[in-house]
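The chain contents come next:
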Amino acid sequence: MIWIKAHWKALSITLALLLGLAWYSRPVDVYSLGVGELEAVSVHVENNKPGQGVDIVWSTGVTPDNPRWQSVLRELESLRFHRPPDNLIRAHFQSSSIKTQAASRVNTVIHLTDQNGLYMTLQIGAGNSCYTSPYTSRNLPMSLSGGEEAAQALIRRLQEI
């Protein structure tokens, strides 16, 4: 009888852990990654050329008093990100670098500052997309719903604003 109780306890803990990891890796918006109400957004599109450095192709910065603020905010709020479940461990135990392969890529870097002074960077479309946790300041992997096509479409939409 004791063995059956222990068996159910282990099964319950495993099930709770799996449900928690599934909940964590669900699609989330930019606010669920860790920032509150935004105070400033800076966006730049860069072209990474291995061995030659990075060229800034386009950049902009907006705050709530800017007429483009609502358009940029709408774009950011419409994005959905997926975090791998092991980010819970990486956030506390890994170095802050994420390995990427040298390749010519165009990516978008978005710097977000909220009203509480928390700061987060999103790097989207560079093969290995990542965000900087505002709590641990570590770079953590994530992916954008829609993949590379969605990242390129985001770049085009932001440039049109």
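Data block above holds the structure.
Calculation criteria
- Counting starts from 1 at the beginning of each chain's written sequence and moves along it residue by residue.
- At least 70 in pLDDT is required for a residue's local features to be given in this predicted model, at least 80 for side-chain atom pairs to be given and counted, and no such filter applies to totals for whole chains, interfaces and linings, which use all residues.
- With hydrogens and water excluded, all non-hydrogen atoms of the structure serve as input to the side-chain values.
- Strands are runs of DSSP state E lasting at least 2 residues, helices are runs of H or I lasting at least 4, and numbering of each runs from the N terminus.
- Think of it in three bands: residues with accessible area under 20% of the maximum for their type are buried, residues over 50% are exposed, and the middle band is partly exposed, with areas taken using a 1.4 Å probe on protein chains only.
- Between two residues, a contact is recorded if the distance between any of their heavy atoms is within 4.5 Å.
- Distance thresholds for patches are 9 Å for like charges and 5 Å for nonpolar side chains (Val, Leu, Ile, Met, Phe, Trp, Tyr), applied to residues having over 30% relative accessible area and no salt bridge.
- To be clear on the numbers: accessible area is Shrake-Rupley with a 1.4 Å probe, and residue cover counts the displayed protein chains and nothing else.
- Between Lys or Arg on one side and Asp or Glu on the other, a salt bridge is scored when a side-chain nitrogen of the former is within 4 Å of a carboxyl oxygen of the latter.
- At least two DSSP bridges between two strands are needed for those strands to be called paired.
- For a helix, the expected span equals 1.5 Å multiplied by the residue count minus one.

Trainee: Looking at this model, I keep getting lost on the overall build of the protein chain. Mind explaining?
Mentor: Check the secondary structure of the protein chain and you find four helices and eight strands. Reading the helices (α) and strands (β) of the protein chain from amino to carboxyl end gives α-β-β-α-β-α-β-β-β-β-β-α. Expressed as a percentage of the 161 residues in the protein chain, the buried residues total 34%.

Trainee: Which parts of the structure should I look at to understand the side chain of Thr108?
Mentor: Note on placement: Thr108 falls in strand E4 (residues 105–114). Its relative accessible area of 0% is what places Thr108 among the buried residues. Once residues lying within four places of it in the same chain are set aside, the contact partners of Thr108 are Val43, His44, Val45, Leu122, Gln123, Ile124, Ile155 and Leu158.

Trainee: I'm lost on a nonpolar patch on the surface in this one. Help?
Mentor: Together, Leu88, Ile89 and Phe93 make up an exposed nonpolar region whose accessible area comes to about 360 Å². Looking at Phe93, the relative accessible area reads 72%, which means it is exposed.

Trainee: Would you explain the environment of Cys130 in this entry?
Mentor: Following the sequence through the fold, Cys130 ends up in strand E6 (residues 130–132). For Cys130, a relative accessible area of 10% translates into the label buried.

Trainee: For this particular structure, what's the right way to read the pairing of strand E1 (residues 38–49)?
Mentor: Each regular strand displays side chains that alternate between the two surfaces of the sheet. Relative to strand E2 (residues 53–62), E1 runs antiparallel, the two being bridged by nine bridges. Considered in E2, the bridge of His44 is made with Ser59.

Trainee: Can you walk me through helix H4 (residues 147–160) in this structure?
Mentor: Note on helix geometry: an α-helix contains 3.6 residues per turn, so any two residues three or four positions apart are oriented the same way. Over its 14 residues, H4 runs 21 Å from end to end, which matches the ideal 20 Å to within 8%, given 1.5 Å per residue. Those residues of H4 that sit buried are Ala151, Ala153, Leu154, Ile155 and Leu158.

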